[in-house]
Amino acid sequence: MKHISILVPNEAVLASIVDPRYMFTAVNQFLEAAGKPVLFKVQLVGLSKEVRLSQGSFSVHADALIQNVEKTDLVIVPALSGDIKTTLEKNKDFIPWIIKQHKKGAEVASLCLGAFLLASTGLLNGKECSTHWLFANEFRIMFPDVHLIDGRIISDEQGLYTSGGASSYWNLLLHLVEKYTNREIAIQASKFFAIEIDRKTQSPFIMFNGQKKHEDEPIKQAQEFIEHNVTEKISVEDLALKFAIGRRHFERRFKKATNNTPVEYIQTLTSFLGNRYFQFDHQIIGCLCSFK
């Protein structure tokens, strides 16, 4: 029997508590229906017995307090909301407990912005990680020792699991189901919950936001020049010359400020504009078709 502890943090996203509970209890039902023993014991674990969420609109009643859970097999950290630094402060008492459970052999999975709480434990240092694409820059600033992978739906690093933004955590839940059961059960779960089982990237949903939360003013100017002239042929040599910075130094500064090389930045922006055009073009086609 696998013991699963779903945390109930302050300022958690309610669905990211309910959904993993639903997933693993449903898998138990699939196993029972097949004449097999249930595999998961699922508990909601909190700092207090009752946690009010969504500005008090909902209450979640924990099955157990962290001090009463001596050992577990999997800790699930739900998505967080609100000001992330304030939210982390409200939930800091989870951190030593997560570290303790991991040392005892527990695996840990964070959903969406739950990666911020998991990263606060230090367990992700030097490892790959996923989180919501919109908060990627903020995450990198707060946790420079964690290797955040842009666009990835699931990161799996030595028993530490993280997922991309919003509903992509369903794919991480399927990944865990397959690991703890088998492919057949995971496919059954994917069909029951209507989830595309092998989705790998959240890139189609990423909106380009410019990555300008840094203090290197010449690099910001270079970014703006790229954005205003992206339809033109732009070379790194031309950019370095325009902003009076040696090419190698320019590339290093650009990478440090934006976490992308100049070429990657240009390609990302070009792809973003191409996707916007593609979507807009299909909207026009859809409108025209409606008049036929």
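Residues numbered from 1 in each chain as written. Predicted model: local features only at pLDDT ≥ 70, side-chain atom pairs only at ≥ 80, totals over all residues. Heavy atoms only, no water.

## Quick look at the pairing of strand 2 (residues 40-46)
By the criterion of burial, strand 2 is predominantly enclosed, with six of the seven residues buried. Sheet topology note: the strand 1 (residues 2-8)/strand 2 ladder contains seven bridges and is parallel. The residue bridging lysine 2 from the neighbouring strand is phenylalanine 40, located in strand 2. Looking at chain direction, strand 2 and strand 5 (residues 64-65) are connected through two bridges and run parallel. The residue of strand 5 that forms the bridge with glycine 46 is leucine 65. (Buried < 20%, exposed > 50% of the residue type's maximum accessible area, 1.4 Å probe, protein only. Helix = DSSP H or I, 4+ residues; strand = E, 2+ residues; numbered from the N terminus. Pairing = 2+ DSSP bridges.)

## Some words on the pattern of salt bridges
One pass over the structure, following the stated rule, counts twelve salt bridges. Among the salt bridges present, the one from lysine 90 reaches glutamate 11, with a minimum N-O distance of 3.0 Å. Residue lysine 90 is found in helix 2 (residues 84-90), and its partner glutamate 11 is found in the loop between strand 1 and helix 1 (15-33); the two are separated by 79 residues along the sequence. Residue glutamate 11 is classed as partly exposed on the basis of its relative accessible area, which comes to 31%. Here arginine 247 ties to glutamate 237 by a salt bridge, and the two come within 2.2 Å at their closest N and O atoms. Separated by ten residues along the polypeptide, arginine 247 in helix 10 (residues 247-258) and glutamate 237 in helix 9 (residues 236-242) bring together distant segments of the chain. Looking at glutamate 237, the relative accessible area reads 45%, which means it is partly exposed. (Salt bridge = Lys/Arg side-chain N within 4 Å of Asp/Glu carboxyl O.)

## Topic: the packing of helix 8 (residues 217-228) against helix 10
The interhelical angle for the contact between helix 8 and helix 10, taken along N-to-C directions, is 85 degrees, at an axis separation of 10 Å. Classified by the interaxial angle, the pair formed by helix 8 and helix 10 is roughly perpendicular. Contact with helix 8, carried on its side by Pro218, Ile219, Ala222, Gln223 and Ile226, involves Phe250, Arg253, Phe254, Ala257 and Thr258 of helix 10 and no other residues of that element. Its residues placed into classes, the contact of helix 8 with helix 10 shows seven nonpolar, two polar and one charged. (Axes fitted to C-alpha atoms, helices over the stretch in contact; angles between N-to-C directions. Parallel < 35°, antiparallel > 145°, perpendicular 65-115°, else oblique. Contact = heavy atoms within 4.5 Å. Nonpolar A, V, L, I, M, F, W, Y, C, P; charged D, E, K, R; others polar.)

## Thoughts on the nonpolar core
Ranked by size, the top nonpolar core spans 36 residues in total, and within it Met23, Phe24, Val27, Leu74, Ile76 and Leu176 carry the most contacts. Taken together, the elements giving at least two residues each to this core come down to strand 1, helix 1, strand 2, strand 3 (50-53), strand 6 (74-77), helix 6 (169-180) and helix 7 (183-193). The element best represented in this core is helix 6, accounting for eight residues. Leaving out residues up to four positions away in the same chain, phenylalanine 24 has contacts with Ile4, Phe40, Val42, Leu74, Ile76, Leu173, Leu176 and Val177. One finds Leu117, Ala119, Cys129 and Ala136 within the second-largest nonpolar core, a separate group that totals 32 residues. (Core = buried A, V, L, I, M, F, W, Y, C linked by side-chain atoms within 4.5 Å.)

## A few points about the sheet that holds strand 10 (residues 154-157)
Ordered by their spatial adjacency, seven strands build an open sheet running 5-2-1-6-7-11-10, and the pairing between neighbours is mixed. Both edges of this open sheet fall to strand 5 and strand 10, since each of them pairs with a single strand only. Here strand 10 pairs with strand 11 (residues 160-163) via four bridges, running antiparallel. Within the sheet, the bridge partner assigned to isoleucine 154 lies in strand 11 and is serine 163.

## Quick notes on the side chain of threonine 121
Tracing the sequence through the fold places threonine 121 in the loop between helix 4 (114-120) and strand 8 (128-129). At 2.5 Å, the side chain of threonine 121 forms a polar contact with the backbone oxygen of leucine 118. There is a polar contact of 3.1 Å between the side chain of threonine 121 and the backbone nitrogen of leucine 123. Contact partners of threonine 121, with chain neighbours within four places excluded, come to Ile95, Ile98 and Ile99. (Polar contact = N/O pair within 3.5 Å; in protein donor to acceptor, adjacent residues only side chain to side chain.)

## Some thoughts on the confidence of the model for the protein chain
The pLDDT averaged across the protein chain works out to 87; a share of 88% of its residues lies at or above 70. Low pLDDT, under 50, characterises residues 275-292; the predicted model gives this stretch zero contacts beyond four residues in sequence or across chains. (pLDDT = per-residue confidence, 0-100.)

## Examining helix 1
Helix length check: helix 1, at 19 residues, gives a terminal C-alpha distance of 26 Å against a target of 27 Å (1.5 Å per residue), a fit within 8%. Taken together, the buried positions of helix 1 are Ser16, Ile17, Asp19, Pro20, Met23, Phe24, Ala26, Val27, Asn28, Phe30 and Leu31. Structurally, helix 1 contributes buried residues whose contacts are with strand 1, strand 2, strand 3, strand 6, helix 6 and helix 7. Two residues or fewer past helix 1, glycine 35 is found with a positive phi of approximately 75 degrees. (Expected span 1.5 Å × (residues − 1).)

## Comments concerning the packing of aromatic side chains
All told, the structure shown has 14 aromatic pairs when counted by the stated rule. Geometrically, the ring pair formed by phenylalanine 40 and tyrosine 180 is edge-to-face, given 6.2 Å between the ring centres and 65 degrees between the ring planes. With phenylalanine 40 in strand 2 and tyrosine 180 in helix 6, the pair connects residues that are 140 residues apart, well separated along the chain. Given the relative accessible area of 4%, phenylalanine 40 is considered buried. (Phe/Tyr/Trp six-rings, centres within 6.5 Å; stacked < 30°, edge-to-face > 60°.)

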